[in-house]
Amino acid sequence: MASTQTDRTRLAGFDEVPLGPTGRPKQDFDEPRPLKSHGPARIISLCNQKGGVGKTTTTINLGAALAGYGRRVLAIDFDPQGALSAGLGVPTHDVPTIYDLLLSGSKDPSIAIQQTAVEGLDIIPANIDLSAAEVHLVNEVAREQILARVLRKVSADYDVILIDCQPSLGILTVNALTASHGVLIPLECEFFALRGVALLIETIDKVRDRLNPAIELDGILATMFDSRTLHSREVLERVVDAFGDRVLETVIGRTVKFPDASVAGVPITDFAPEHPAAKAYMQVARELIVRGAVA
Ligand SMILES: Nc1ncnc2c1ncn2[C@@H]1O[C@H](COP(=O)(O)OP(=O)(O)OP(=O)(O)O)[C@@H](O)[C@H]1O
Ligand SMILES: [Mg+2]
């Protein structure tokens, strides 16, 4: 059974091995080497149909952290709420959005790409128009593959594309999964967190069977972890029991710095670079590089 106490140690031979919050020996993920060349991108969906679990926060801060390591990152706002666009401080009205690209397959996707304040991190924004996409796409031929076709045209320019999904398993999310090489599931350390994950994994399996045989589960990222509460530790323990090594070693703590950074429209890595939460997202970036999910 996994232990979840942050600072507990375990006897292994004669050595005491410090354990991380997931109960595995604490690891230092090496500083990644700079890339000599860029692209084609590995595409990763941030997906969980439960709302408010940290999908958008993870897209922003993982994107910024990867850009900080010299990776070229494109973030796709794939939620009509436009929270990713707002969180990165880019305009969403009177500009081309992901919706325009979905509707007109002939448009060059670069018209919708905006630079953010973070060097190396670009975004394709979304606004409420995207909520009409479900209706429009229903009658399209190969409607699940429309986003994949759009992203193929920009993939060469980036090392990683992160898709911030909306909290549903509808046609937009299926498009995101069909376009992706991998899925990262942010999971809030809350009592009902595990509900729904089985359905999500079932959906990923269906997409693998029918639409995208190559899709992999890159990992489950525990978010909003509060090491002071037994509750949070118990939830994390259950998540690790259920998903084993698929749970990332790095865990994101609960802190009010995230809402504060969102209001400021910048990643936490810029807003409070020395804060443990900023360092945690830098570590997620390194862990994903070590795991091979990102170049
Ligand atoms: N580790 C954290 N600690 C504290 N607050 C957090 C943390 N991560 C995210 N939040 C806050 O929780 C709220 C929900 O986070 P976020 O928008 O990233 O979730 P989401 O999964 O994208 O939500 P939705 O399903 O609505 O798209 C936001 O106000 C965000 O600032
Ligand atoms: Mg979101």
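Preceding block: the structure.
What comes next is a walk through the structure.

Analysis parameters
Residues numbered from 1 in each chain as written. Chains lettered and ligands numbered in written order. Predicted model: local features only at pLDDT ≥ 70, side-chain atom pairs only at ≥ 80, totals over all residues. Buried ≥ 20, exposed ≤ 12 C-beta atoms within 10 Å, placed from the backbone. Helix = DSSP H or I, 4+ residues; strand = E, 2+ residues; numbered from the N terminus. Arc of directions from axis to C-beta. Contact = placed C-beta atoms within 7 Å. Core = buried A, V, L, I, M, F, W, Y, C linked by C-beta atoms within 7 Å. Pairing = 2+ DSSP bridges.

Of the residues making up helix α9 (residues 257–264), those classed as buried are F258, A261 and S262. Projection of α9 onto a plane perpendicular to its axis shows the buried side chains occupying an angular sector of 105°, all on one side. Within α9, the exposed residues directed more than 90 degrees away from the buried face are P259 and V263. Buried residues along α9 sit in contact with α1 (55–68), α2 (83–87), α10 (268–271) and α11 (276–290). Downstream of α9 by a residue or two, G265 has a phi angle that is positive, lying close to 70°.

Right, let's get into the nonpolar core. Of all hydrophobic cores here, the largest spans 86 residues; its most connected members are I98, I161, L162, A222 and Y281. Setting aside anything within four residues of it in sequence, one finds L162 in contact with I44, L46, T59, L62, G63, V73, A75 and I76.

With 7 of its 7 residues buried, strand β8 (residues 182–188) lies for the most part within the structure. Of the two faces of β8, the one carrying G182, L184, P186 and E188 and the one carrying V183, I185 and L187 are both buried. Of the pairings in the sheet, the one linking strand β3 (residues 42–46) to β8 comprises 3 bridges and is parallel in character. Opposite I44, over in β8, you have G182 as the bridge partner. Pairing geometry for β8 and strand β9 (residues 216–223), over 7 bridges, is parallel.

On to the environment of P276, then. Mapped onto the elements of the fold, P276 is located in helix α11. Classification of P276 as exposed rests on a count of 12 C-beta atoms within 10 Å. For the pair formed by P276 and G253, sequence separation is 23 residues and the distance between their alpha carbons is 8.3 Å.

This is a description of form; function is not addressed.
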